[in-house]
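# Notes for the structure review
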Amino acid sequence: MARAWNFNPGPATLPEEVLSRVQADLLDWQGKGLSVMEMSHRSEEFLGIAAKAERDLRQLAGIPENYKILFLQGGALGQNAFVPLNLLGDRTTADYVNTGHWSTKSINEAQKYGDVHIAASAESSGFTHVPAQSEWRLSQNPAYVHICSNETISGVEYAFTPETGDVPLVADMSSNILSRPFDITRFGLIYAGAQKNIGPSGVTLVVVREDLLGKARRDCPSVFDYTLQLKHEWMFNTPPTFPIYIAGLVFERLLALGGLAEVEKRNIAKAQKLYAEIDRTDFYKNKVCVADRSRMNATFYLPTEKLDDMFVAEAREHGLINLKGHKVAGGIRASVYNAMPMAGIDALVVFMRDFEKRNG
Ligand SMILES: *Cc1c(COP(=O)(O)O)cnc(C)c1O
């Protein structure tokens with residue numbers, strides 16, 4: 001069986017070694033006579049798997065002890081509600097920076113729970129850039145400032161970590177977490193749905209600074225109350241055990257590769273090759289301000305929509321799948337997360353050249 005090069009934005013391609021490990025251990029995990037899927041979340045075996053996943057993530061991302069790690073359910077979109085419910089406390093306002101589709105979703109959800117102040121927006125550029133920090137206008141006393149570190153649909157990524165002083169910085173890192181080293185101490189809270197760079201869908205990672213805990217609103221659902229979940233070592237309810245196990249295998253693999261500095265090196269090389277091909281002629285066009293181009297999601301447009309469709313269909317026949325842009329953006333989107341090897345980029349570039357030759 002041949003595996004295709006899968007450019008899906010999420011759930012996304014997983015490292016083949018990880019899938020093989022899962023397969024080998026599927027029926028009988030390490031001689032224990034059962035699958036990880038069938039284990040009690042309170043069993044010695046699963047607690048070991050969970051503790052190792054957490055330990056490896058701490059090491060990988062350099063997360064100190066005063067930051068707490070939670071593996072929850074509800075996805076990144078769930079966090080759009082749980083962040084204000086947990087962090088607003090006695091404040092009325094939270095600040096948001098709008099860089100596109102996912103930021104807008106975060107803003108709309110937060111408005112159900114408090115006042116949202118838009119500190120900066122890239123709307124005027126059609127969401128093709130990240131507003132420079134010098135343009136941000138924070139409100140008087142916000143509970144936090146929220147950003148989306150990588151806009152998955154348009155392919156716009158922060159090239160800098162904002163400086164927000166005493167105001168906790170909150171980031172939806174769903175689509176670029178673990179793609180480069182980052183300094184968690186610059187953030188109050190980060191969250192990410194797993195299905196782009198961490199593992200399969202079903203688990204949501206939250207990393208929160210200790211001093212921000214204990215402020216959940218009374219009406220915050222218990223399973224999404226960070227403080228309560230931590231009191232129960234994030235097992236207040238049954239956690240998504242199987243996705244956590246696979247996430248653990250991914251963390252282990254990234255450490256074995258040499259950690260996030262090495263991962264970033266590979267991602268830079270991949271992105272450079274792909275954008276160089278997009279920029280080589282006018283046939284393919286990317287609309288994002290060059291400095292803010294995403295390393296994870298490269299979006300581009302052919303001269304006509306008809307050619308976009310032909311490109312996607314022919315690419316599929318060449319084993320390059322899921323290249324269609326999001327329905328709100330159109331065009332092409334190649335999502336090239338950590339698990340996409342350079343060989344996948346090479347195959348795409350060869351196809352792009354050939355397609356241009358025949359249709360350009
Ligand atoms: C995919 C994605 C989401 C949606 O995550 P769910 O896990 O489906 O809730 C939110 N934000 C960003 C940046 C994403 O890439």
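Residue numbers run consecutively from 1 along every chain, following the written order of its sequence. Side-chain atom pairs in this predicted model are given and counted only at pLDDT of 80 or more, local residue features only at pLDDT of at least 70, and totals for whole chains, interfaces and linings cover all residues. Only hydrogens and water are set aside; all other atoms, that is, all heavy atoms of the structure, feed into the side-chain values.

### A short note on the domain arrangement of the protein chain
Cut-off, in case you're wondering: Note: domain ranges come from an automatic or database domain assignment. By definition, the buried area sums, over both parts, the 1.4 Å-probe accessible area that each loses when the two are put together. Salt bridges, as used here, are contacts in which a Lys or Arg side-chain nitrogen is within 4 Å of a carboxyl oxygen on Asp or Glu. Numbering of helices and strands starts at the N terminus; helices are DSSP runs of H or I of at least 4 residues and strands are runs of E of at least 2. Any residue outside Ala, Val, Leu, Ile, Met, Phe, Trp, Tyr, Cys, Pro, Asp, Glu, Lys and Arg is labelled polar, Gly included; the first ten of those are nonpolar and the last four are charged.
For the protein chain, the assigned domains are domain 1 (17-257) and domain 2 (258-359). Look at where the C-alpha atoms of domain 1 and domain 2 centre, and you get two points 27 Å apart. Around 2200 Å² of area is buried between domain 1 and domain 2 when both sides are counted, 54% of it from carbon and sulfur atoms. Taken together, the connections running from domain 1 to domain 2 amount to 0 salt bridges. A per-element tally of the side of domain 1 that touches domain 2 places helix H6 (residues 241-257) first, with 4 residues. Looking at the side of domain 1 that touches domain 2 residue by residue, the class counts come to 14 nonpolar, 11 polar and 3 charged.

### With respect to the environment of Glu 314
Inclusion rule: Only heavy atoms enter the contact rule, under which two residues are in contact if any of them lie within 4.5 Å. A 3.5 Å cut-off defines polar contacts: any pair of N or O atoms within that distance qualifies, except that in protein one atom must be a possible hydrogen donor and the other a possible acceptor, and neighbouring residues in sequence count only when both atoms are side-chain atoms.
Locating Glu 314 in the fold gives a position in helix H8 (residues 305-317). Leaving out residues up to four positions away in the same chain, Glu 314 has contacts with Phe 351, Phe 355 and Arg 358. Separated by 2.9 Å, the side chains of Glu 314 and Arg 358 make a polar contact.

### Comments concerning the site of the ligand
Threshold: Put simply, a residue is near a molecule or strand once any heavy atom of it comes within 4 Å of that molecule or strand. Each accessible area value is a Shrake-Rupley result obtained with a 1.4 Å probe; residue values ignore everything except the protein chains displayed when judging cover.
Taken together, Gly 75, Ala 76, Leu 77, Trp 102, Cys 148, Asn 150, Thr 152, Asp 172, Ser 174, Ser 175, Gln 195 and Lys 196 form the complete shell of residues around the ligand. Here Thr 152 contributes a side-chain N or O atom positioned 2.4 Å from an oxygen atom of the ligand. A distance of 2.7 Å separates an oxygen atom of the ligand from a polar side-chain atom of Lys 196. Protein chains shield 86% of the accessible area of the ligand, which is 390 Å² for the free molecule. In terms of residue count, the dominant contributor to the shell around the ligand is helix H3 (residues 75-87) (3 residues). Residue classes in the shell around the ligand are distributed as 4 nonpolar, 6 polar and 2 charged.

### Overview of empty space enclosed by the protein
The gaps of empty space that remain are located by a probe, the size of a water molecule, rolled over the atoms. Counted only if it meets this: Think of a 1 Å grid over the protein atoms and nothing else: a 1.4 Å probe that fits but is trapped marks a cavity, an open set flanked by protein within 12 Å on at least five of seven lines marks a pocket, and residues with an atom within 4 Å of a point count as lining. Grid points are joined across faces, edges and corners, and a volume is the space filled by probe spheres set on the points.
All chains considered together, the criterion is met by 1 cavity of 30 Å³ or more. Of the volumes computed, that of the largest cavity is approximately 80 Å³. For the largest cavity, the lining is made up of 15 residues, of which Pro 15, Lys 196, Asn 197, Val 250 and Ala 339 are closest to its centre. Each of domain 1 (17-257) and domain 2 (258-359) accounts for three or more of the residues forming the lining of the largest cavity.

### Remarks on the packing of helix H7 (residues 260-280) against helix H9 (residues 342-359)
This is how the line gets drawn: In this analysis, axes come from line fits to C-alpha atoms, helices being fitted only over the stretch in contact, and the angle between any two N-to-C directions falls in the range 0 to 180 degrees. Angle categories are assigned with fixed cut-offs, so that under 35 degrees is roughly parallel, over 145 is roughly antiparallel, 65 to 115 is roughly perpendicular, and the rest are oblique.
Between H7 and H9, whose axes approach to 10 Å, the crossing angle comes to 5°. In terms of axis orientation, H7 runs roughly parallel to H9. Where H7 abuts H9, its residues Ala 269, Lys 270, Lys 273, Leu 274, Glu 277, Ile 278 and Arg 280 lie against Met 342, Ile 345, Asp 346, Leu 348, Val 349, Met 352, Arg 353 and Glu 356.

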